[in-house]
Amino acid sequence: MSILGTRVIRTEDPRLLTSGGVYVDDLREPDLTGAVRATFVRSTVAHALITGIDTSAALEAPGVVAVFTAADMTDLPTPPPPEPLPDDAPPPEGPNPMGGVWQEPLLAVDRVRFVGEPVAIVLTDGTYAGEDAAELVSVDYDILPAVPSIEAALADESLLFPGAGTNVCVRGGRPIGDDSAFDQCEVVVEGDVVNQRVAALPMEGRATAAVFKGGKLTVWTSTQNAQLARLIFTAVGLPPDAIRVVAPDVGGGFGAKIGVDREQIVVAWAAKRTGRPVRWVETRNENLMAMTQGRAQLHHIKIGGDREGHIKAYRLDVVQDSGAYSRMGGFLPMLTNLMAPGVYDIPVVEADYKAVVTNGTPIAAYRGAGRPEAAATIERVVDWYAAEAGVDPALVRRLNFISKDQFPFVTKTGAPYDTGDYEAALDKVLAAAGYDQLRAEQRRRRAAGETRLLGIGLASYVEITAADGAAGETAKVEVHDDGTATVYTGSSAHGQGHHTAYAMLVQDELGIPMDKIEVLHGDTDLIPEGVGTYASRSLQLGGSAVHKAAIEVKEEAARKAAELFEAAETDVVLDAATGTWHIAGDPDKSLSWGQVAAAGDAGLIVANVRFTADRPTFPFGTQLSLVEVDVETGKVTLLRRVTADDAGPVLNPLLFEGQRHGGIAQGAAQALVEEILYDADGNPLTATLMDYGAITAAELPSFELLTSETATTVNPLGVKGIGEAGTIGATPAVHNAVIDAVSHLGVRHIDMPMTPERVWTAIQKASEK
Amino acid sequence: MKVELTVNGKDITADVEDRTLLVHFLRDVADLTATNIGCDTTSCGACTVLLDGESVKSCTVLAAQADGRAVTTLEGLASDAGEMHPVQRAFHEEHGLQCGYCTPGMVMAIVSLLKENPSPTETEVRQGLEGNICRCTGYHNIVRAALAAAASSGEGASR
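How each quantity is defined
Residues numbered from 1 in each chain as written. Chains lettered and ligands numbered in written order. Predicted model: local features only at pLDDT ≥ 70, side-chain atom pairs only at ≥ 80, totals over all residues. Heavy atoms only, no water. Helix = DSSP H or I, 4+ residues; strand = E, 2+ residues; numbered from the N terminus. Rg over C-alpha atoms; globule rule 2.2 N^0.38 Å. Contact = heavy atoms within 4.5 Å. Lys, Arg positive; Asp, Glu negative; His and termini not counted. Charge placed at Lys NZ, Arg CZ, Asp CG, Glu CD. Pairing = 2+ DSSP bridges. Axes fitted to C-alpha atoms, helices over the stretch in contact; angles between N-to-C directions. Buried area = accessible area lost by both parts, 1.4 Å probe. Salt bridge = Lys/Arg side-chain N within 4 Å of Asp/Glu carboxyl O. 1 Å grid on protein atoms, 1.4 Å probe; cavity = no way out; pocket = protein on both sides within 12 Å on 5 of 7 lines; lining within 4 Å. Points joined across faces, edges and corners; volume = space filled by probe spheres on them. Nonpolar A, V, L, I, M, F, W, Y, C, P; charged D, E, K, R; others polar. Buried < 20%, exposed > 50% of the residue type's maximum accessible area, 1.4 Å probe, protein only. Polar contact = N/O pair within 3.5 Å; in protein donor to acceptor, adjacent residues only side chain to side chain. Domains from an automatic or database assignment. Patch = residues over 30% accessible without salt bridge, like charges linked within 9 Å, V, L, I, M, F, W, Y side chains within 5 Å. Areas by Shrake-Rupley, 256 points an atom, 1.4 Å probe, with all protein chains shown as cover. Parallel < 35°, antiparallel > 145°, perpendicular 65-115°, else oblique. Left-handed = near helix turned anticlockwise from the far one by under 90°. Phe/Tyr/Trp six-rings, centres within 6.5 Å; stacked < 30°, edge-to-face > 60°. Lys NZ or Arg CZ within 6 Å of the ring centre and 35° of its normal. Expected span 1.5 Å × (residues − 1). pLDDT = per-residue confidence, 0-100.

Peer 1: Explain the overall build of chain B to me, and be specific about the residues and the numbers.
Peer 2: Regarding its fold elements, chain B presents 5 helices and 5 strands. The helix and strand sequence of chain B, counted from the amino end, reads β-β-α-β-β-β-α-α-α-α. For 159 residues, the compact-globule estimate of 2.2 N^0.38 gives 15 Å, and chain B sits close to it at 15 Å. Partitioning the intrachain contacts of chain B with sequence separation of at least 6 by distance along the chain shows that 56% fall at a separation of at least 24. In chain B, 12 positive and 21 negative side-chain charges are present, and the distance between their average locations comes to 5 Å.

Put into structure tokens, the structure is as follows:
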């Protein structure tokens, strides 16, 4: 019987549970003995010209080894001089930082653009000396008017990059046409929907340790992809082959650890410059000011349809707040445009975007990266339209779904959906939740004039995973002459359970038991080529690569076994249950994996694979949230979460459910509690966990997970990604539930996070009408 | 200043800066790195350890305050024979961890919680873990692990 599809507990856990993981700050490598601590001096103002930096007092402080500013980085190539972009410059399409006039320096040169921007680096001996010395670095600022919001950026009164002449750095999408499609509609809803700025908030913040020895730079860094990080570290003035990047245990990433940030490059540079090993581990305060954040989009929407619930036209106009530096160009809002119509077959869809710079923390990928924003808004406005039309939101979804016989289906925005059965997922969730009974109880409470009202929120979502399938993923599988196997993967685990999942794939194919399979990742000396873990790509690309490499190993082993048996290759069979080789029909004569591998070159059998996919995959599902809203206080209690999340066949239900649980909690947290806030001067108001609303166990229920498995044809495992789907569905399902609870009072929309104050205020405003 | 602590049954004496936090003493002096720092503001619980058997957040306790007292960290939880504590075992079986960073603090918080309330309800577990943040698991399996550990310890089996 195949191990695939079974609940296998993780091989990663015993170590994590008894001695703890080895994160960057835990490394006790001999090369890091005596490492100095790096502490960054950060901008205390949102927008200013730097008129002077005085490091002399800091240099005199106890324990200080060095203090560096941008002026000290003279050994690095100067960035090309900025050139103004022509007005008709095409928007950047890939997730690349913008250069030229929009260039982000490693340390601030003559201007700071957000509170927390690194200005200088202080190297010290001792745990606490760094903070003391950093306080002594004096930076003179000539304050400029802050641009703390999208509205302020669009006004173009204060410019972050004067050479650009505007704060709008990217435009794209389909131009918004005239209103004719909406003129035919009986019901039209138009309004703004905010997808607020949130923190990625991995429990381990950013961390890097670096050693420069014998012409080689070794960097241990908390990243989602060591190989990409290696390319970025070439910014210190070394070629890739002079750099080794190791990802030790990584305490969560959620997109914000794709590659590395400017601080990490500066740390590596400082190790090269001083010849001392350097270690940097950020504080949570730094993390909440300077690790890239997510979402931060303002949507203007228009949706129209008839009174029976048929949607005729949808328009989405996206403004992306990029923060102070456009790390990803137009990539995030481009994905939001692509996924704008979600699961619906809408005759007319228009979507466009622009991105602006503001005096906030730079925005980059965060669990879903552009797709949650699309799903959040289409699902929100479908409910909004349903409420205006007076049609049940479940029915509106059903009436407008792309039906299962329409796949493969290309949306009006160009997304090539592979497979799906949206109505089946909705039906499962409605049945399991007892939708009709919930509606009856909702009506009863309203009629009885109770103050704790029920809200039922639905979200039927589709999202795109492994969008960069053409980049693929690498795997090397080796079987050794002692019968053990080693898997080298370009995927980069940081909590997902790759080691368990990939060992299951190899056991399934080769019959080598999991406890004899070692899975290695995240070391560019061992694995020079790899892409990494993001965009829910690992199992479908990295797993498919492991699967294919195992098959190639098996084919090569069959040839070796045939030689050893002196039999025809076609007569040799592998008994995958026992991991032994036989001649067909002669079970008495057998060879172990070790014996077969010993016949290979250098005593091992090896296969190297890069698996690529020519198309992305599109997981989907329906999520239902049940909330109780206290209309007297605005307090929301999340009572139930029922979901069907379909990402194809499930390799290991334990891991699959774990990804959904975490995703749902993060999505619900955005709807209810999370928001990064700035004051009018661009000062962050949520820069510690005392101020930022991370969700806790006390605010969440247990989750009710249903199964739904619709395979894709894009990869040999038939799988789609599940890392982000939970988040993408959960935010609108919770959002809709809260508004549903008070919709009969005339409330049509409340922006997230739905704090008691916001909910209470919305109820008051509606009742004044 | 000189402090003397018993950490996981072992006496450790060291001269430290007055302002040394317990968590830094554990990590840098005792070289026990399972205990992680997640927030510096007593908000996330990643640094939770037991001080004389009661859970504390070691980022907000001075090493000096722990002078003469006994500290238990994740590393001290398994039996001398290496057998995992029921809470550790339950975390493994129920998939109560993903990236592992909050795990040492979460496990210690649950050990303490179950000592105070050996057979908690789900709601009691959820409220008891309010001071521990996990970003990976959505708490679902952490709560299950706590309930499973309670049940496996016998006294919780009846509820």
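The rest of the description comes next.
Peer 1: Pulling in residues and values, what's your account of the sheet that holds strand β26 (residues 620-630) of chain A?
Peer 2: Two orientations exist for strands paired in a sheet by backbone hydrogen bonds: parallel and antiparallel. Residues and elements named next belong to chain A. As summarised here, the arrangement of the 4 strands in space is β18-β26-β27-β28, forming an open sheet in which the pairing is mixed. The outermost strands of the open sheet, each flanked by one partner alone, are β18 (452-462) and β28 (704-706). Across the sheet, the mean angle from the axis of one strand to that of its neighbour is 15 degrees, orientation sign disregarded. As judged from the 11 bridges shared by β18 and β26, these two strands associate in the antiparallel manner. Opposite Leu458, over in β26, you have Leu624 as the bridge partner. Seen against the sheet, helix α12 (residues 422-433) touches β18, β26, β27 (636-646) and β28 and runs at an angle of roughly 35 degrees to β26.

Peer 1: Lay out the sheet that holds strand β22 (residues 572-575) of chain A in plain terms, naming residues and giving numbers.
Peer 2: Residue and element names in this part refer to chain A. The 3 strands lie next to each other as β22-β23-β24, forming an open sheet whose pairing is antiparallel. Looking at the sheet topology across the chains shown, the edges are occupied by β22 and β24 (586-592). For this sheet, the mean inter-axis angle between neighbouring strands, taken without regard to orientation, is 40 degrees. Note that strand β23 (residues 580-583) and β24 share 4 bridges and pair antiparallel. Each bridged residue has a counterpart across the sheet, and for Trp581 the counterpart in β24 is Leu591. The strands touched by helix α15 (residues 538-565) are β22, β23 and β24; relative to β23, the strand with the most contacts, the crossing angle is about 55 degrees.

Peer 1: Account for the interface of chain A and chain B, with residues named and values stated.
Peer 2: Counting residues at the interface gives 52 residues for chain A and 48 residues for chain B. In total, about 4,300 Å² of surface goes out of reach between chain A and chain B, with carbon and sulfur atoms giving 56% of it. Contact with chain B buries surface across chain A, with A:Leu17, A:Tyr128 and A:Met203 losing the most and accounting together for 19% of the total. Joining chain A to chain B, the criterion identifies 5 salt bridges. Taking the shortest distance from any N to any O, the salt bridge between B:Arg135 and A:Glu674 comes out at 2.7 Å. For the side of chain A that touches chain B, the secondary structure elements donating two or more residues are α1 (13-18) and α17 (653-672) of chain A.

Peer 1: Got a sec to walk through the layout of surface pockets? Specific residues and values, please.
Peer 2: Approximately 1,200 Å³ is the volume attributed to the second largest pocket. Residue lining of the second largest pocket: 48 residues in total, with A:Thr39, A:Glu131, A:Val281, A:Thr283 and A:Glu286 positioned closest to the centre. Secondary structure elements with two or more residues in the lining of the second largest pocket: β1 (36-42), α3 (129-136), β6 (138-143), β12 (278-281) and α8 (284-290) of chain A together with α1 (22-29) of chain B. The element that contributes the greatest number of residues to the lining of the second largest pocket is β1(A), accounting for 6 residues. Considered class by class, the residues forming the lining of the second largest pocket number 21 nonpolar, 13 polar and 14 charged.

Peer 1: Talk me through the side chain of A:Glu478; I want residue IDs and the actual numbers.
Peer 2: Residue and element names in this part refer to chain A. One can find Glu478 in strand β19 (residues 473-480). Given the relative accessible area of 9%, Glu478 is considered buried. Here Tyr488 takes part through its side chain, which lies 3.3 Å from a polar atom of the side chain of Glu478. If we skip the residues at most four places from it in the chain, Glu478 touches Thr484, Ala485, Thr486, Tyr488, Leu604, Ile605 and Val606.

Peer 1: Lay out the domain arrangement of chain B in plain terms, naming residues and giving numbers.
Peer 2: Interfaces are frequently sized by the accessible area removed from exposure as the parts join. All names here are of chain B. Annotation of chain B at the domain level lists domain 1 (2-76) and domain 2 (86-152). Taking the mean C-alpha position of each, domain 1 and domain 2 sit 21 Å from one another. Facing the 18 residues of domain 1 at the interface are 14 residues of domain 2. Contact with domain 2 buries area across many residues of domain 1, yet Asn36, Thr48 and Leu74 alone supply 37% of it, more than any other trio. Viewed at the interface, domain 2 and domain 1 are joined by 0 salt bridges. At the boundary of domain 1 and domain 2, one finds 8 residue pairs in polar contact (both at pLDDT 80 or more).

Peer 1: I'd like a description of a negative patch on the surface, backed by residues and values.
Peer 2: Residues and elements named next belong to chain A. A contiguous patch of negative charge on the surface is contributed by Glu552, Glu555, Glu563 and Glu569. If you trace the backbone, Glu552 turns up in helix α15. By relative accessible area, which is 35% here, Glu552 ends up partly exposed.

Peer 1: Can you explain unusual backbone geometry? Please cite residues and give values.
Peer 2: Cis peptide bonds are those with omega within 30 degrees of zero, and the linkage from A:Phe407 to A:Pro408 qualifies with -5 degrees. Here the amide bond leading from A:Met752 into A:Pro753 is cis, since omega sits at -10 degrees, within 30 degrees of zero. With a phi close to 55 degrees, A:Asp156 is a non-glycine residue in the positive phi region. Examined against the element boundaries, A:Asp156 turns out to sit in the loop between α4 (150-155) and β7 (168-173). Assessed through its relative accessible area of 29%, A:Asp156 is described here as partly exposed. Of note, B:Asp31 is a non-glycine position whose phi angle comes to about 60 degrees, a positive value. Along the polypeptide, B:Asp31 turns up in the loop between α1 and β3 (48-51). The partly exposed category is assigned to B:Asp31, whose relative accessible area is 42%.

Peer 1: Which residues make up the environment of A:Pro240, and what values do they have?
Peer 2: Residues and elements named next belong to chain A. Inspection of the secondary structure puts Pro240 in the loop between α6 (226-233) and β11 (243-246). For the pair Pro240 and Thr524, spaced 284 residues apart in the sequence, the C-alpha separation amounts to 9.7 Å. The contacts of Pro240, once residues within four sequence positions are left out, are Arg230, Leu231 and Thr234.

Peer 1: Can you lay out the packing of helix α10 (residues 371-389) of chain A against helix α18 (residues 725-742) of chain A for me, pointing to particular residues and giving the numbers?
Peer 2: Helix packing for two helices is described by the angle between their axes and how far apart those axes are. All names here are of chain A. Interaxial distance between α10 and α18 falls to 8 Å at its minimum, and their mutual angle equals 30 degrees. Taken together, the axes of α10 and α18 are roughly parallel relative to one another. Crossing geometry of α10 relative to α18 is assigned as right-handed. Residues Arg371, Pro372, Ala375, Ala376, Glu379, Arg380 and Asp383 of α10 form the contact with α18, whose own contacting residues are Ile728, Pro732, His735, Asn736 and Ile739. The residue makeup of the contact of α10 with α18, split by class, is 6 nonpolar, 2 polar and 4 charged.

Peer 1: Any details on the packing of aromatic side chains? Residues and values, ideally.
Peer 2: All names here are of chain A. Counted by the stated rule, this structure contains 13 aromatic pairs over all chains. Members of the aromatic cluster, connected to one another through ring pairs, are Tyr344, Phe401, Phe407, Tyr422 and Phe620. For Arg113, the ring lying beneath its charged end belongs to Phe161, and the centroid distance is 4.0 Å. Above the plane of the ring of Tyr534 lies Arg537, whose end atom (NZ or CZ) is 5.0 Å from the centre.

Peer 1: Provide a residue-level description of helix α3 (residues 103-116) of chain B, including the pertinent values.
Peer 2: Residues and elements named next belong to chain B. Taking 1.5 Å of rise per residue, the 14 residues of α3 would be expected to cover 20 Å, and the 20 Å separating its terminal C-alpha atoms lies within 8% of that figure. The element α3 is extensively covered by neighbouring structure, given that 12 of its 14 residues are classed as buried. Taken together, the buried positions of α3 are Thr103, Pro104, Gly105, Met106, Val107, Met108, Ala109, Ile110, Val111, Ser112, Leu113 and Leu114.

Peer 1: Break down the pattern of salt bridges for me, with residues and values.
Peer 2: All names here are of chain A. The full count for this structure, using the stated rule, is 61 salt bridges over all chains. One salt bridge in this structure joins Arg262 and Glu104, with 3.0 Å as the shortest N-O distance. Of the two residues, Arg262 sits in helix α7 (residues 262-274) while Glu104 sits in the loop between β3 (64-69) and β4 (111-112), which places them 158 residues apart along the sequence. It is possible to trace a salt-bridge network through shared partners that takes in Arg42, Glu104, Glu117, Arg206, Asp261, Arg262, Glu263, Glu282, Glu286 and Arg327.

Peer 1: Describe in detail the confidence of the model for chain B, supporting the description with residues and values.
Peer 2: All names here are of chain B. Looking at chain B, pLDDT values average 95 and 96% of them are 70 or higher. Contacts from residues 155-159, a stretch scored under 50 in pLDDT, to residues over four places away or in other chains number 11 contacts. Predicted complex, confidence summary: ipTM 0.96, pTM 0.96.

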